[in-house]
Amino acid sequence: MSFRYAQIAQRVFNTPLMYDPRKAEAFLQGLGSRIAGDTIVITNPEGAIDHVGGGNGRPLAGKVGGRIERVYNRANALPFDVVENIAIIPIEGSLVHKGGWVGSSSGETSYQGLQAQISMARRSNMVRGVAFEVDSYGGMVNGGFETAAAMAQLSKEKPTISILTDHAYSAGYLLASQARQIIMPRYGGAGSIGVIMIHADYSQALEDEGIRLTIIRAGKQKADGNPYEPLNASLAEKWQAEAEGMRQDFAQVVASGRRGRITKAKALATEAGVFDASDAVKLGLADAVGDPLEAFDAFVKEVNRG
């Protein structure tokens, strides 16, 4: 497995994702056989993996201490466009925990970069309001709830709007829901309030190839969830319970951000479904259907009029 595939695999398998399942399926069809072999099992539960900073391709981006913010402050620059006192912060592509960039990089946006932009938008006297341009199927759980909390705090202090230019699913919707209002295009989509986990089971493929794998364990649970043995029922049950707890938190954050428009119970009742623009508005997942450019122009006028 190449380094790049290993880096992708450690972000996808045996780790909780707030990612629309259709995007996960598209990924598996395109790269699954190169990463996971021929046998792929998609399950709903949440799990955890041993974490070593910088290991398995994880980026070391200096999150603690606000490194990105310090870099921009030293350069006396802002990490986002400002149009007529409105900061434009993109939430696009796959959402990952850490990364030494802001905005979108190779189809990814890092929560770390978003948090830096949100923090600087809060403090900047140049910024009177913030427009989040959203087009994301979601991504990682780690960092997602913290970013949502930062957006919620910003929304208490300054006018915010999430303008969907296409879709806001799963973690993408988690973030979009924390703006004061959500506008989406006629053929856009929103929702997928849930958690997915993908577990790859190589055991049958190895057996078919005549390969016998021996796992030496120091601690009975050390290799639980590994891809070379079938997922045992007790671990699957544990992960499922943890995933449900995470879904409960997801729905609560959405209900808080969309207070008065959708409740936690109604968010849970969507059962991670995805909805077109008209249904999203009816459910309270969005406020209106409109052209993104027109929505932005209206927001600019509204904020600068105040």
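Since the structure is predicted, the reported quantities are computational estimates derived from the model, not experimental observations.

Enquirer: Explain the overall build of the protein to me, please; I cannot follow it from the model alone.
Expert: Helix and strand counts for the protein stand at 11 helices and 13 strands. Counting every position in the protein, which comprises 306 residues, the buried fraction comes to 48%. Restricting to contacts in the protein with at least 6 residues of sequence separation, those with at least 24 account for 73%. For the protein, the accessible surface area stands at approximately 14,900 Å², while carbon and sulfur atoms represent 51% of it.

Enquirer: Can you walk me through the environment of E84 in this structure?
Expert: Its location among the elements puts E84 in the loop between β3 (81-83) and β4 (86-96). Assessed through its relative accessible area of 55%, E84 is described here as exposed. Sequence separation of E84 and D297 is 213 residues, and the distance between their C-alpha atoms is 10.0 Å. When neighbours within four sequence positions are excluded, E84 is seen to be in contact with V300 and N304.

Enquirer: Sorry, what's going on with the nonpolar core here?
Expert: The tendency in soluble globular proteins is for nonpolar side chains to be buried side by side. Ranked by size, the top nonpolar core spans 47 residues in total, and within it I91, V130, F132, L164, Y173 and L175 carry the most contacts. Setting aside chain neighbours within four positions, we find L175 in contact with I91, L95, Y111, L114, G144, T147, A148 and M151. Judged by nonpolar contacts, the second largest core, of 10 residues, contains I161, F296, F299 and V303.

Enquirer: What should I look at first to understand the confidence of the model for the protein in this one?
Expert: In this model, the protein carries a mean pLDDT of 83, and residues with pLDDT of at least 70 account for 77%. Here residues 1-6 is modelled with pLDDT under 50, and outside its nearest four sequence neighbours on either side it reaches 9 contacts, counting other chains as well. Residue range residues 29-61 is modelled with pLDDT below 50. Its contacts to residues more than four positions away, or to other chains, number 89 contacts.

Enquirer: What am I meant to see in helix α8 (residues 233-257) here?
Expert: Residues spaced three or four apart along an α-helix face the same direction, because each turn holds 3.6 residues. Over its 25 residues, α8 runs 36 Å from end to end, which matches the ideal 36 Å to within 8%, given 1.5 Å per residue. Considered for burial, the residues of α8 that qualify are L235, W239, A243, M246, R247, F250, A251, V254, A255 and G257.

Enquirer: Could you clarify how one ought to interpret the packing of aromatic side chains in this entry?
Expert: For any pair of aromatic rings, the description rests on two quantities: the centre-to-centre distance and the angle between the ring planes. Taken as a whole and assessed by the stated rule, the structure comprises 2 aromatic pairs. Plain terms: the ring middles of Y137 and Y169 are 5.3 Å apart, the flat faces sit at 65 degrees to each other, and that makes the pair edge-to-face. Placement of Y137 in strand β7 (residues 129-140) and of Y169 in strand β8 (residues 160-169) is noted, with a sequence separation of 32 residues between them. Residue classification places Y169 among the buried residues on the basis of a relative accessible area of 4%. Considering the side-chain rings of Y202 and Y228, the 5.5 Å spacing of their centres and the 40 degrees angle between planes classify their relative orientation as tilted.

Enquirer: Can you walk me through a negative patch on the surface in this structure?
Expert: A contiguous patch of negative charge, built from E84, D291, E294 and D297, is present on the exposed surface. Take D291: it is sitting in the loop between β13 (288-289) and α11 (292-305). By relative accessible area, D291 is classed as partly exposed at 36%.

Enquirer: Please explain the pattern of salt bridges as it appears in this structure.
Expert: Any two side chains of opposite charge can pair, so long as their charged atoms come close to each other. Counted by the stated rule, this structure contains 6 salt bridges. For E244, the salt bridge is made with R247, and the minimal N-O distance between the two is 3.0 Å. Here the residue E244 and the residue R247 both occupy positions in helix α8, the gap between them amounting to 3 residues, near one helical turn. Here D287 makes a salt bridge to R261, at a shortest N to O gap of 3.2 Å. Of the two residues, D287 sits in the loop between α10 (277-283) and β13 while R261 sits in the loop between α8 and α9 (264-269), which places them 26 residues apart along the sequence. Taken together, the salt bridges that share partners define one network made up of E244, R247 and E271.

Enquirer: Teacher, can you tell me more about unusual backbone geometry here?
Expert: Peptide bonds are trans in most cases, and residues, glycine excluded, mostly fall at negative phi. Positive phi values are uncommon outside glycine, yet N85 reaches one of about 75 degrees. For E271, which is not glycine, the phi torsion reads 50 degrees and is therefore positive. Residue placement: E271 occurs in the loop between α9 and β12 (274-276).

About the thresholds
- Counting of residues starts from 1 at the beginning of each chain's written sequence and follows it residue by residue.
- With pLDDT at 70 or above as the cut-off, local features in this predicted model cover only qualifying residues; side-chain atom pairs require 80 or more to be listed or tallied, and sums for whole chains, interfaces and linings still use all residues.
- Excluding hydrogens and water, the side-chain values take into account all heavy atoms of the structure.
- Under the scheme used here, helices are H or I runs from DSSP no shorter than 4 residues and strands are E runs no shorter than 2 residues, and both carry numbers assigned from the N terminus.
- The cut-offs for exposure are 20% and 50% of the maximum accessible area for each residue type, with area from a 1.4 Å probe on protein chains only; residues under the lower value are buried, those over the upper are exposed, and the others partly exposed.
- We call two residues in contact when some of their heavy atoms are within 4.5 Å.
- For accessible areas, the Shrake-Rupley method is used with a probe of radius 1.4 Å. Any residue's cover is judged against the shown protein chains and nothing else.
- Among buried residues, the Ala, Val, Leu, Ile, Met, Phe, Trp, Tyr and Cys ones that are joined through side-chain atoms within 4.5 Å form a nonpolar core.
- Scored from 0 to 100, pLDDT records how confident the predictor is in each individual residue.
- Helix span is expected to be 1.5 Å times the residue number reduced by one.
- Here a pair means two rings of Phe, Tyr or Trp (six-membered ring of Trp) with centres within 6.5 Å. Their orientation is stacked below 30 degrees between planes, edge-to-face above 60, and tilted elsewhere.
- Put simply, a patch holds well-exposed residues, over 30% relative accessible area, that have no salt bridge, with like charges counted together within 9 Å and Val, Leu, Ile, Met, Phe, Trp or Tyr side chains within 5 Å.
- When a carboxyl oxygen of Asp or Glu lies within 4 Å of a side-chain nitrogen of Lys or Arg, that pair is called a salt bridge.
- When charges are tallied, Lys and Arg are placed among the positive residues and Asp and Glu among the negative ones, while His and the ends of the chain are skipped.
- Every charge is mapped onto a representative atom, which is NZ of Lys, CZ of Arg, CG of Asp or CD of Glu.

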